[in-house]
Amino acid sequence: MARMGEEVGVKQQADRVAGLDVHRDSVVAATRINEPGGEVTVTKKRFPTTRRGIGELAVFLTEAGVTRVALEATGVYWKGVYYGLEGLFDELWLCNAQHVKNVAGRKTDLSDAEWLADVAAHGMVRPSFVPPPEIRELRELTRYRKTQVDARAREIQRLEKTLQDAGIKLTSVASVVWGVSSRKIVEALIGGEANPVVLASLVLGRMRPKIAQLEEALDGRFGAHHGIVCRQVIEHIDFLDGSIAALTEEIAARLLPFEAALSLVCSITAMGEGAAQAIIAEIGVDMSRFPTAGHRCAWAGVAPASHESAGKRPAGTRHGSTWLRRVLIEVARAASRTRGSYFSAQYARIARRRGPNKAAVAVANSILAVIWYALTNGCFYEDPGADYFERRHDPVLEAKRLQARIEALGFVVTMTPMAAA
């Protein structure tokens, strides 16, 4: 097979490289050894993806003396192979499968592995970010907790649909369908109570003045089948509440070594503890992997895409971490509603011109940039305030900034007010 690096004249970066084509049940390894005389030797072999097979693969690569191992990120199948080889070689690269596609019509598992070794040897592909083991374990827990939270929200929506089907207009009076008072009413309905006066008398606190409205809203046709569905929904919600609480406790315990970093992230406007935990689980606490805040934002998918063609630049953001992007957008929308904050002013300025969705992405970009600087410098966030943009264009302040810059060059500057005309 033709060598891509040789065809385009790209300088070879590594002499002993291996490419791994990973599948569910097997992994194909191709070692590419550049001999002293300039001859390239390629050896290929297939291994099972069991623990024994990964051990044999590690021996095969070690005996070949490879220093750089590259494998494609294929679903979740790459994880067992990557974790089994982690720490055994100088460079272990996880590569985006879209970046190493082989020539159409010449695709086999063996040729794919050789192609990957070729592009990795010439540096024609960049490795993806893989956090350390303790962050990966934390990430598994936070992501699973998020799925449980989403499932709980769906169950509450299902409860609302069931009540609407029964003609129970509880949410027309109560702000939420799942509160203390609402639960007492639903459980009474399940128990067979149909008198709206009795049901309305169960409410507590601020719902008491709305009893008359509740009596009318609770006069429905709640049947036995509605009770069966509501009972199952309530039991499922209770189970999910217990699951979320257990996961939160475990996450908090694992974050104790990163308590300082968690405090820095929580100092950002509208950043809750759960969101901060999820963000640290996605990006870790070591920011040295990304040279600038812009690189980190691009990886997260909250930075403008770069795909210019024929002088045109289509709008849109980069493809990035969907889990991180989602939590950042949630925090951005909460920050945009925080009065007197810099993020609320930024959101308002952009939303007027570009719409609410693009404004939310822009605020998410700013929040992640702040996180990068906070974790890099170890500094807490201080909100510049909603009047930041007006103060930034204050002519007096701009003159003082200019004076400071000139004085930093070794000159003495004296500012005298001009006489009124």
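Predicted model, so just to flag it, every value in this text is computed and none were measured.

Once that is clear, we can look at the overall build of the protein chain. Scanning the protein chain for helices and strands turns up 17 helices and 5 strands. Taken over the C-alpha trace, the protein chain has a radius of gyration of 29 Å; the compact-globule value for 421 residues is 22 Å, which it surpasses by more than 25%. With respect to the three principal axes, the spread of C-alpha positions in the protein chain is 95 × 80 × 45 Å. Expressed as a percentage of the 421 residues in the protein chain, the buried residues total 42%. Just so you have it, the protein chain exposes about 23200 Å², and 54% of that area is on carbon and sulfur atoms.

Turning our eyes to something else, we now look at the sheet that holds strand β1 (residues 16–22). Read from one edge of the open sheet, 5 strands run β3-β2-β1-β4-β5, paired in mixed fashion. Strand pairing shows two members of the sheet lacking a second neighbour, β3 (40–48) and β5 (91–95), which therefore form its edges. In this sheet, neighbouring strand axes are inclined to one another by 20 degrees on average, regardless of whether the strands run parallel or antiparallel. By the bridge criterion, 9 bridges tie strand β2 (residues 26–34) to β3 in an arrangement that is antiparallel. Bridge pairing in β3 links A29 to K45. Against the sheet, helix α2 (residues 51–64) makes contact with β1, β2, β3 and β4 (68–72), and its axis sits at roughly 165 degrees relative to β3, the strand it touches most.

This part is about helix α10 (residues 259–266). Side chains three or four residues apart in an α-helix point the same way, a direct result of the helix having 3.6 residues per turn. Of the residues making up α10, those classed as buried are A261, L262, L264 and V265. On an axial view of α10, the arc spanned by its buried residues comes to 160 degrees, and they lie on one face. Where α10 is buried, its residues contact α11 (273–283) and α15 (356–377).

Within the secondary structure, T317 sits in the loop between α12 (293–300) and α13 (322–336). Under the relative-accessibility criterion, T317 is labelled partly exposed at 30%. The spacing of T317 and S288 is 29 residues in sequence and 23 Å in space, taken between C-alpha atoms.

Within the largest apolar cluster, 56 residues are counted, with the highest numbers of intra-cluster contacts made by M271, L328, F343, I367, L368 and I371. Secondary-structure elements contributing two or more residues to this core are α5 (133–165), α9 (224–254), α10, α11, α12, α13, α14 (342–354) and α15. At 13 residues, α15 tops the list of elements feeding residues into this core. When neighbours within four sequence positions are excluded, I371 is seen to be in contact with V265, I268, M271, I279 and I283.

Glancing now at the packing of aromatic side chains. Any two aromatic rings considered together are summarised by their centre-to-centre distance and by the angle between their planes. Throughout the structure, instances matching the rule amount to 13 aromatic pairs. Ring geometry for F47 versus F60: centroids 5.5 Å apart, planes at 50 degrees, classification tilted. You can see F47 sitting in strand β3 and its partner F60 sitting in helix α2, a full 13 residues away along the chain. Like F47, the residue F60 is buried in the burial classification. Ring geometry for W372 against Y373: centres 4.9 Å apart, planes inclined by 90 degrees, an arrangement best described as edge-to-face. The class for W372 is buried, based on a relative accessible area of 10%.

Tallying each qualifying case throughout the model produces 0 disulfides. Summary of cysteine pairing: C266 is not part of a disulfide, and the nearest cysteine sulfur, belonging to C379, is at 16 Å. Judged by its relative accessible area of 28%, C266 is partly exposed. This cysteine, C297, is not joined by any disulfide, and C379 carries the nearest cysteine sulfur, 18 Å off.

Cut-offs applied
Residues numbered from 1 in each chain as written. Predicted model: local features only at pLDDT ≥ 70, side-chain atom pairs only at ≥ 80, totals over all residues. Heavy atoms only, no water. Helix = DSSP H or I, 4+ residues; strand = E, 2+ residues; numbered from the N terminus. Rg over C-alpha atoms; globule rule 2.2 N^0.38 Å. Buried < 20%, exposed > 50% of the residue type's maximum accessible area, 1.4 Å probe, protein only. Areas by Shrake-Rupley, 256 points an atom, 1.4 Å probe, with all protein chains shown as cover. Pairing = 2+ DSSP bridges. Axes fitted to C-alpha atoms, helices over the stretch in contact; angles between N-to-C directions. Contact = heavy atoms within 4.5 Å. Arc of directions from axis to C-beta. Core = buried A, V, L, I, M, F, W, Y, C linked by side-chain atoms within 4.5 Å. Phe/Tyr/Trp six-rings, centres within 6.5 Å; stacked < 30°, edge-to-face > 60°. Disulfide = S-S within 2.5 Å.

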